[in-house]
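Below are the chains, spelled out letter by letter.
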Amino acid sequence: MRCDPERDVGYLARDYAAALVAAGGAPVHLALVPEPEYICAAMEMAAGVLLPGSASDVDPRLYGQERRAGLGAVDELRDRVEMMVLREAERRGLPLLAICYGMQAWNVFRGGTLIQDLGRERSGAMEHEQRLPRGERWHKVRFARGSLLAELAGAEELMVNSHHHQAVDRLGTGLRATAWAEDGTIEGIEERGERFAVGVQWHPEVGWAHDRLARALFARFVEACKKV
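Definitions and cut-offs
- Residues numbered from 1 in each chain as written.
- Predicted model: local features only at pLDDT ≥ 70, side-chain atom pairs only at ≥ 80, totals over all residues.
- Heavy atoms only, no water.
- Core = buried A, V, L, I, M, F, W, Y, C linked by side-chain atoms within 4.5 Å.
- Buried < 20%, exposed > 50% of the residue type's maximum accessible area, 1.4 Å probe, protein only.
- Helix = DSSP H or I, 4+ residues; strand = E, 2+ residues; numbered from the N terminus.
- Contact = heavy atoms within 4.5 Å.
- Pairing = 2+ DSSP bridges.
- Polar contact = N/O pair within 3.5 Å; in protein donor to acceptor, adjacent residues only side chain to side chain.
- Axes fitted to C-alpha atoms, helices over the stretch in contact; angles between N-to-C directions.
- Phe/Tyr/Trp six-rings, centres within 6.5 Å; stacked < 30°, edge-to-face > 60°.
- Disulfide = S-S within 2.5 Å.

Draft legend 1. Fine view of the nonpolar core. Ranked by size, the top nonpolar core spans 33 residues in total, and within it Val 49, Val 85 and Trp 106 carry the most contacts. Considering each element in turn, this core owes the most residues, 6 residues, to helix 3 (residues 76–92). If we skip the residues at most four places from it in the chain, Val 85 touches Leu 30, Ile 39, Met 43, Val 49 and Leu 51.

And the structure:
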């Protein structure tokens, strides 16, 4: 789940669950309780893991950097739970779909780093924080030939929405970039190997019902979960 630290409330937009249900999945929300016994018990029942977006940024101390100008709010609780969930998911070899913050956290878990603020740290970076409506397609992404994302997209490039100011910098161990924005920003990553493990920087759950790539992505994730 996502976290509202001011009210100490966990929440998640219904689009995530709706997209999974439409694809044949049975989503269960995981509370932000950083207790190993709870996380292990929950993961024991899970057939796959979806890491959603967040209003917070991944703490740069998790990838060996100090906080710099442009960094947004950091949620230590979300970061802790995310890393615990990833540890269990990786240990069990569960299918993984990581979205926006979730993709960034996965990259950090694998030993990679992040660009803390695209506008400040990347000359020529385009605007990646679009305004409303959230589902509007904002910029193109180009897919690597032979990648799973290219297969699901059925095209070399497509328009996607964009709601982030950070991005993957150095890739983590065992990961490869498979989608890029027009300014070179990494927009998709995949694990090298046979397991379904995909991260996307955009939000496929927003407007999923009218987005062919989004529907294909959730469907393939659920299909992989059913094989566990």
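Draft legend 2. Looking closely at the pairing of strand 11 (residues 197–200). Judged by which residues are buried, strand 11 turns out to be covered on both faces: Ala 197 and Gly 199 on one side and Val 198 and Val 200 on the other are all buried. Two strands pair when backbone bridges link them, and strand 4 (residues 96–99) and strand 11 are joined in this way by 4 bridges, in the parallel orientation. Directly across from Leu 96, in strand 11, lies its bridge partner Ala 197. Sheet analysis places strand 10 (residues 186–191) next to strand 11, joined by 3 bridges and oriented antiparallel. Looking at strand 11, one finds that Gly 188 is bridged to Val 200. The antiparallel pairing of strand 10 with strand 11 creates a hairpin that spans 5 residues between the two strands, and Gly 193 there sits at a positive phi of about 140°.

Draft legend 3. Highlighting unusual backbone geometry. Positive phi, close to 55°, is recorded for Asp 8, a residue that is not glycine. Along the chain, Asp 8 falls in the loop between strand 1 (2–4) and strand 2 (9–11). Phi is positive for Cys 100, close to 55°, though the residue is something other than glycine. With respect to the helices and strands, Cys 100 occurs in the loop between strand 4 and helix 4 (101–109).

Draft legend 4. Representation of the side chain of Asn 161 within the structure. Tracing the backbone through its elements, the reader meets Asn 161 in the loop between strand 7 (157–160) and strand 8 (167–168). In this structure the side chain of Asn 161 is engaged in a polar contact, spanning 2.9 Å, whose partner is the backbone nitrogen of His 203. Setting aside residues up to four positions removed in sequence, Asn 161 forms contacts with Gln 130, Arg 134, Gly 135, Glu 136, Arg 137, Trp 138, His 139, Trp 202, His 203 and Val 206.

Draft legend 5. Structural context of the sheet that holds strand 9 (residues 175–181). Within the open sheet, the 7 strands sit side by side as 3-4-11-10-9-6-7. Their pairing is mixed. The sheet terminates laterally at strand 3 (49–51) and strand 7, the two strands that pair on one side only. In this sheet, adjacent strand axes meet at a mean angle of 20° when their direction is disregarded. Contacts from helix 4 reach strand 3, strand 4, strand 9, strand 10 and strand 11, with the element oriented near 55° to strand 10.

Draft legend 6. Spotlight on the packing of aromatic side chains. Taken as a whole and assessed by the stated rule, the structure comprises 2 aromatic pairs. Ring centres of Phe 143 and Trp 202 lie 6.5 Å apart, and the angle between their planes is 70°; this geometry places the pair in the edge-to-face category. With Phe 143 in strand 6 (residues 139–143) and Trp 202 in the loop between strand 11 and helix 7 (212–226), this pair connects stretches of sequence that are 59 residues apart. The residues Phe 143 and Trp 202 share a single accessibility class, namely buried. Their ring planes at 40° and their centres at 5.8 Å tell us that Phe 196 and Phe 221 sit as a pair that is tilted.

Draft legend 7. Expanded view of the state of the cysteines. Overall, the coordinates contain 0 disulfides when judged by the stated rule. Cys 3 takes part in no disulfide bond, and the closest cysteine sulfur to it belongs to Cys 100, at a distance of 17 Å. With a relative accessible area of 14%, Cys 3 lands in the buried category. Cys 225 supplies the cysteine sulfur nearest to Cys 40, a cysteine that is in no disulfide, at a spacing of 19 Å. We classify Cys 40 as partly exposed; its relative accessible area is 30%.

Read these as layout, nothing more, since geometry by itself doesn't imply function.
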